[in-house]
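One-letter residues, chain by chain:
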Amino acid sequence: MRQDHLISAAHLSREDIEAVLDRAAEIDDDTAAFRQRHAGKVLGLCFFEPSTRTRMSFDTAMKRLGGQTVDMGPVESSSVKKGETLADTVRVVEGYADALVLRHPSEGAATMAAEFVDIPLVNAGDGAGQHPSQTLLDLYTIRENAGLDDLTIGIMGDLKYGRTVHSLAGALTNFDVSQHFISPESLRLPRNVRYDLHAAGAQVKEHTQLDDVLPELDVLYVTRIQRERFPDENEYRKVAGQYQIDAETLEAATDDLTVMHPLPRVDEISPDIDDTDHATYFEQAHNGIPVRMALLDILLSQADD
Amino acid sequence: MTDDHQLRVSKIQNGTVIDHVAAGQALNVLAILGIDATSGEAVSVGMNVPSDRLGRKDIVKVEGRELSQSEVDVLSLIAPAASINIVRDYDVVEKNRVVRPDIVTGIISCPNRNCITNADEPITSRFTVLSDGVRCDYCESIVREDEVAANLDVN
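For clarity, every value in this text was computed on a predicted model and none was experimentally measured. (Residues numbered from 1 in each chain as written. Chains lettered and ligands numbered in written order. Predicted model: local features only at pLDDT ≥ 70, side-chain atom pairs only at ≥ 80, totals over all residues. Heavy atoms only, no water.)

(A) Summary view of the packing of aromatic side chains. Residues and elements named next belong to chain A. Summed over all chains, the structure comprises two aromatic pairs over all chains. Each ring, one from Phe-230 and one from Tyr-236, has its centre 6.0 Å from the other, and the planes form 50°; the classification is tilted. Each member of the pair, Phe-230 as well as Tyr-236, carries the same accessibility label: buried. Considering the side-chain rings of Tyr-281 and Phe-282, the 5.3 Å spacing of their centres and the 65° angle between planes classify their relative orientation as edge-to-face. With a relative accessible area of 0%, Tyr-281 lands in the buried category. Across the ring face of Tyr-161, the terminal group of Arg-229 is positioned such that the distance to the ring centre comes to 3.9 Å. (Phe/Tyr/Trp six-rings, centres within 6.5 Å; stacked < 30°, edge-to-face > 60°. Buried < 20%, exposed > 50% of the residue type's maximum accessible area, 1.4 Å probe, protein only. Lys NZ or Arg CZ within 6 Å of the ring centre and 35° of its normal.)

Written out as structure tokens, the structure reads:
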């Protein structure tokens, strides 16, 4: 990769992405070959927001590379509670670890943190900003299931605040992909993501109804619409209900449709889809391990050179 | 006689005249330049002055201070048509246009309240200048040209 850190999917070229995905495929084929690759190395986990999958998969990925992890623990029991700045926290953890994974509720937190440390830093989610390591595992899953070129994808749900959406949409502009965005009016793509898509020459095709595009799609990427985005419960229920899918919804889709979700889901994908061939979200979550192993392997090896 | 009509703002002996400022932006110009009652310079401001080029314009004259190009370039974001005249002994000795900078550090605060630059961190806001606005280098929010004046962080 050209970067020392992974902050935003917008910084990734097609070559960068393919390097990570190819390495992930190697790891998938022969995990044992990577078992001692980073023995003696320590990964710092700084999560200022709750996380299950991302934290556990980075933890697991580092351990499967032979390394160890040191975890800041919950914010409530850390020095952050005493008023320490993020800039200070990451500079301290830099002394304990060889690389750092950061999740933070403020947009731009990872960009700032990277200005204060010299070790590789991975943005594991900055507010409603970016979540590029999720994007890499999403791309890996798409490549395995549908291929990354000549692809039509629908991205549905909370496109305004959904950081996985922002990262994925940007990264997909490196490939021959037609992107459709399906959301309520109030949760459409934010200005900056739209700007980048236009700058990359991608068409932004927006819809408020899934029915409009479902039959064309090779991949449907569903995200959760959160209750707190709406002024009242009734409005939320009315809107969110329109973006829930079940087995009946998918009767209008092609047999090959791949349904993805960054998880956790609440009720936007009905459990009756789980047993169909469309359901790919658990495979997607499992791909977090080889992809994050590949990412850490590349960043740590680069830092050694 | 003509002079009496035209000279709504008195001539200065030495200093800088910022002319052709978009009407209504004069106080923002002063704010960006960090000029207020405490900074010591004598300042004259004309607002909503008739102008051939702009219809109406603002004009700012700062006595005793020659502003450098880098100091004034940031004005291009709120007053793209501004011209900068350096005056010595009542004569204009240098006349320049403002040039759009590539980066603006400080001066603008990010309108995204959830941006890390608005948290209590030891950093200064930084924006990359686009063709029609600026973009926060941290959270990537875009501030359109017509929104810049409302997001000045000059106090």
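(B) Structural view of the sheet that holds strand 4 (residues 83-88) of chain B. Residues and elements named next belong to chain B. Spatially, 2-3-1-4-5 is the arrangement adopted by the five strands of the open sheet, whose pairing is antiparallel. This sheet does not close on itself; its edge strands, each paired only once, are strand 2 (43-51) and strand 5 (91-97). Strand-to-strand twist across the sheet, computed as the mean angle between neighbouring axes with direction ignored, equals 20°. Of the pairings in the sheet, the one linking strand 2 to strand 3 (residues 55-63) comprises seven bridges and is antiparallel in character. Note that in strand 3 the partner of Pro-50 across the bridge is Arg-56. (Pairing = 2+ DSSP bridges. Helix = DSSP H or I, 4+ residues; strand = E, 2+ residues; numbered from the N terminus. Axes fitted to C-alpha atoms, helices over the stretch in contact; angles between N-to-C directions.)

(C) Broad picture of the interface of chain B and chain A. Contacts between chain B and chain A engage 19 residues on the former and 21 residues on the latter. Taking both partners together, chain B and chain A bury about 1,600 Å²; carbon and sulfur atoms supply 47% of that area. Run the count over chain B and chain A and you get three salt bridges. B:Arg126 is the partner of A:Glu115 in a salt bridge, and the nearest nitrogen-oxygen pair spans 3.1 Å. The interface formed by chain B and chain A includes 13 residue pairs in polar contact (both at pLDDT 80 or more). Listed by contribution, the elements that provide at least two residues to the side of chain B that touches chain A are strand 8 (126-130) and strand 10 (142-144) of chain B. A per-element tally of the side of chain B that touches chain A places strand 10 of chain B first, with three residues. Residue classes in the side of chain B that touches chain A are distributed as nine nonpolar, two polar and eight charged. (Contact = heavy atoms within 4.5 Å. Buried area = accessible area lost by both parts, 1.4 Å probe. Salt bridge = Lys/Arg side-chain N within 4 Å of Asp/Glu carboxyl O. Polar contact = N/O pair within 3.5 Å; in protein donor to acceptor, adjacent residues only side chain to side chain. Nonpolar A, V, L, I, M, F, W, Y, C, P; charged D, E, K, R; others polar.)

(D) Local environment of the UniProt feature "binding site: Zn(2+)" (unreviewed entry) in chain B. Here, the residues flagged by UniProt with the feature "binding site: Zn(2+)" (unreviewed entry) are B:Cys110, B:Cys115, B:Cys136 and B:Cys139. The greatest C-alpha distance among the annotated residues, which extend across 30 residues, is 8.9 Å, indicating that they converge on a single site. Note that B:Cys115 resides in the loop between strand 7 (107-108) and strand 8. Judged by relative accessible area, B:Cys115 falls into the buried class, the value being 1%. Leaving out residues up to four positions away in the same chain, B:Cys115 has contacts with A:Ser106, A:Glu107, B:Cys110, B:Cys136, B:Tyr138 and B:Cys139. Mapped onto the secondary structure, B:Cys136 falls in strand 9 (residues 133-136). (UniProt positions renumbered as here; feature names shortened; annotations may be inferred.)

(E) A look at the UniProt feature "domain: Aspartate carbamoyltransferase regulatory subunit C-terminal" (unreviewed entry) in chain B. Cross-referencing UniProt, the feature "domain: Aspartate carbamoyltransferase regulatory subunit C-terminal" (unreviewed entry) maps to residues 104-148 of chain B in the present numbering. Structurally, residues 104-148 of chain B is divided into 9% helix and 36% strand, and its ends, taken at the C-alpha atoms, are 12 Å apart.

(F) Spatial organisation of the UniProt feature "binding site: carbamoyl phosphate" (unreviewed entry) in chain A. Residues and elements named next belong to chain A. Sites flagged by UniProt as "binding site: carbamoyl phosphate" (unreviewed entry) map to Arg-53, Thr-54, Arg-103, His-131, Gln-134, Leu-263 and Pro-264. With respect to the helices, strands and loops of the structure, Thr-54 is situated in helix 2 (residues 53-64). Other than its neighbours up to four places away in sequence, Thr-54 contacts Phe-47, Arg-103, Ala-124, His-131 and Arg-292. Here Gln-134 is in contact with Thr-164, Tyr-221, Pro-262, Gln-284 and Arg-292, once residues within four sequence places are set aside.

(G) Structural detail: a negative patch on the surface. Residues and elements named next belong to chain A. A contiguous patch of negative charge on the surface is contributed by Glu-26, Asp-28, Asp-29, Asp-30, Glu-144 and Glu-283. Looking at the element boundaries, Asp-28 is found in helix 1 (residues 14-29). With relative accessibility at 40%, the residue Asp-28 sits in the partly exposed group. (Patch = residues over 30% accessible without salt bridge, like charges linked within 9 Å, V, L, I, M, F, W, Y side chains within 5 Å. Areas by Shrake-Rupley, 256 points an atom, 1.4 Å probe, with all protein chains shown as cover. Lys, Arg positive; Asp, Glu negative; His and termini not counted. Charge placed at Lys NZ, Arg CZ, Asp CG, Glu CD.)

(H) Main features of the domain arrangement of chain B. All names here are of chain B. Each assigned domain of chain B is listed here: domain 1 (15-97) and domain 2 (103-150). The distance between the C-alpha centroids of domain 1 and domain 2 comes to 24 Å. On the side of domain 2, eight residues touch domain 1, which itself brings seven residues to the contact. Across the domain 1/domain 2 interface, buried area totals approximately 560 Å², and carbon plus sulfur atoms make up 75% of it. A per-residue breakdown of the area domain 1 buries against domain 2 is headed by Val-74, Leu-77 and Ile-78, which together make up 72% of the total. The interface formed by domain 1 and domain 2 contains zero salt bridges. (Domains from an automatic or database assignment.)

(I) Representation of the side chain of B:Asn85 in the model. All names here are of chain B. Secondary-structure assignment places Asn-85 in strand 4. Overall, the relative accessible area of 4% leaves Asn-85 in the buried class. At 3.0 Å, the side chain of Asn-85 forms a polar contact with the side chain of Lys-95. Ignoring any residue separated from it by four or fewer positions in sequence, one finds Asn-85 in contact with Gly-15, Thr-16, Val-17, Asp-19, Val-92, Glu-94 and Lys-95.

(J) Inspection of the pattern of salt bridges at higher detail. Counted by the stated rule, this structure contains 30 salt bridges over all chains. Close ionic contact of A:Glu206 with A:Arg194 constitutes a salt bridge, the shortest N to O distance being 2.9 Å. You can see A:Glu206 sitting in strand 7 (residues 205-207) and its partner A:Arg194 sitting in helix 7 (residues 191-199), a full twelve residues away along the chain. A salt bridge links B:Arg65 to B:Glu41; the shortest N-O distance between them is 3.0 Å. Linking B:Arg65 in the loop between strand 3 and helix 3 (69-73) with B:Glu41 in the loop between helix 2 (26-33) and strand 2, this pair joins segments that are 24 residues apart in sequence.

(K) Inspection of the domain arrangement of chain A at higher detail. Residues and elements named next belong to chain A. Along its sequence, chain A is carved into domain 1 (5-130 + 287-304) and domain 2 (133-285). Relative placement of domain 1 and domain 2: their C-alpha centres are 25 Å apart. Domain 1 puts 30 residues into the contact, and the matching count from domain 2 is 24 residues. When the area that domain 1 buries against domain 2 is broken down by residue, the three leading residues are Arg-14, Leu-21 and Asn-287, summing to 28%.

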